[in-house]
Each structure stands twice: as structure tokens, then as C-alpha cells.
Amino acid sequence: MTPRFAVIGVVASDLAASLAFYRRLGLVFPEGAEDQPHVEAELPGGLVLALDTEETVRSFHSGWRPPAAGGRVGLAFRCGSPAEVDSVYEDLVGAGYHGELKPWDAFWGQRYATVHDPDGNGVDLFAPLAAQ
């Protein structure tokens, strides 16, 4: 059998804050997920976004520590239009999340913006500039 990419895992320092952020982006987590050590949301196409508390990770990897600097993994959410990139960005920044890169028209043909989730992970918002 060939391994198949199936899960994107994020370690959350504050699970409730991370759930609020990703729910604002439309992901569905079970009711009461804030009280769990590990939660998952199924993504289109069958991938899963899994959130684990720091305590959960330390339960099986006692030497784990959060990275001291920014991460190298980013998540990206496709929006339905360039205007939706702008509105989702404004909604998240208005809710108190850090806007890293305001919406702009990227040279590769997309409206693009970046916000940070509660743990500082870059989350990109994008949409094609022209109908594709």
C-alpha cells in the first residue's frame, strides 16, 4: 500500500481559541470540542484538520516544546471571490486575530491575504482574480 496524505495536525496552546478561529472559517468541529484533548474536522476531499492541546502532545512526547519562532507550515482557504477574501480578512481582524498581510492582488493572479491563528500559524485566504 502507498501512504496517502490524510491529516493536517496543529498543536494548539488554547484549544477554545483555535476552535473559534477555525469555526469562523467554516470548519465544523463537534459540539463540546473545547473540552477535549484532540478534535478533528473533516475537510473537503477527505482530509482532516486535527487540533491537539499541548498537554496531549506531551502525554506521548514528554520532551516536546512549542517552537520559539514562527512555523514553516501554512494553511490556505480558497474563497469564492476576491471580495470574499476581503470580507473574511476583515471579519477575522475585526474579531481580534492578527492580520499579517492585508488583501492584495498577487502577481500570480489571485487576491491574497494572510492572518494568524491563535498560535501564530499563517492562514492564507485566496481567490482567483479572473473567472477560472
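Residues numbered from 1 in each chain as written. Predicted model: local features only at pLDDT ≥ 70, side-chain atom pairs only at ≥ 80, totals over all residues. Heavy atoms only, no water.

Here's the deal with the environment of Tyr112
Stage number 1. Residue position: Tyr112 is located in strand β6 (residues 110-116).
Stage number 2. Owing to a relative accessible area of 17%, Tyr112 belongs among the buried residues under this scheme.
Stage number 3. Residues contacting Tyr112, with those up to four places away along its chain left out, are Val85, Lys102, Pro103, Trp104, Ala106, Asp124, Leu125 and Phe126.
Stage number 4. Within polar-contact distance, the side chain of Tyr112 engages the side chain of Asp124 at 3.0 Å. (Helix = DSSP H or I, 4+ residues; strand = E, 2+ residues; numbered from the N terminus. Buried < 20%, exposed > 50% of the residue type's maximum accessible area, 1.4 Å probe, protein only. Contact = heavy atoms within 4.5 Å. Polar contact = N/O pair within 3.5 Å; in protein donor to acceptor, adjacent residues only side chain to side chain.)

Some words on the domain arrangement of the chain
Stage number 1. When cut into domains, the chain gives domain 1 (7-60) and domain 2 (74-128).
Stage number 2. For domain 1 versus domain 2, the separation of C-alpha centres amounts to 20 Å.
Stage number 3. Of the residues lining the interface, 15 residues belong to domain 1; the matching set on domain 2 comes to 15 residues.
Stage number 4. Taken over both partners, the interface formed by domain 1 and domain 2 buries close to 1100 Å², and the fraction arising from carbon and sulfur atoms is 66%.
Stage number 5. Here domain 1 is connected to domain 2 by one salt bridge.
Stage number 6. Asp91 is paired through a salt bridge with Arg24; the nearest N and O atoms lie 2.8 Å apart.
Stage number 7. Linking domain 1 with domain 2 are five residue pairs in polar contact (both at pLDDT 80 or more).
Stage number 8. Among the elements of the structure, β1 (7-12) and α1 (15-24) are those that each provide at least two residues to the side of domain 1 that touches domain 2.
Stage number 9. Looking at the side of domain 1 that touches domain 2 element by element, the count peaks at six residues for α1.
Stage number 10. When grouped by side-chain class, the residues that make up the side of domain 1 that touches domain 2 number 11 nonpolar, two polar and two charged. (Domains from an automatic or database assignment. Buried area = accessible area lost by both parts, 1.4 Å probe. Salt bridge = Lys/Arg side-chain N within 4 Å of Asp/Glu carboxyl O. Nonpolar A, V, L, I, M, F, W, Y, C, P; charged D, E, K, R; others polar.)

Here's the deal with the nonpolar core
Stage number 1. Judged by nonpolar contacts, the single largest core of 28 residues is most densely connected at Tyr22, Leu25, Phe29 and Leu125.
Stage number 2. Within the residue set of this core, elements represented by two or more residues are β1, α1, β2 (38-42), β3 (48-53), β4 (75-78), α3 (82-94), β6 and β7 (122-128).
Stage number 3. Ignoring any residue separated from it by four or fewer positions in sequence, one finds Phe29 in contact with Leu19, Tyr22, Arg23, Val39, Glu40, Ala41, Leu49 and Leu51. (Core = buried A, V, L, I, M, F, W, Y, C linked by side-chain atoms within 4.5 Å.)

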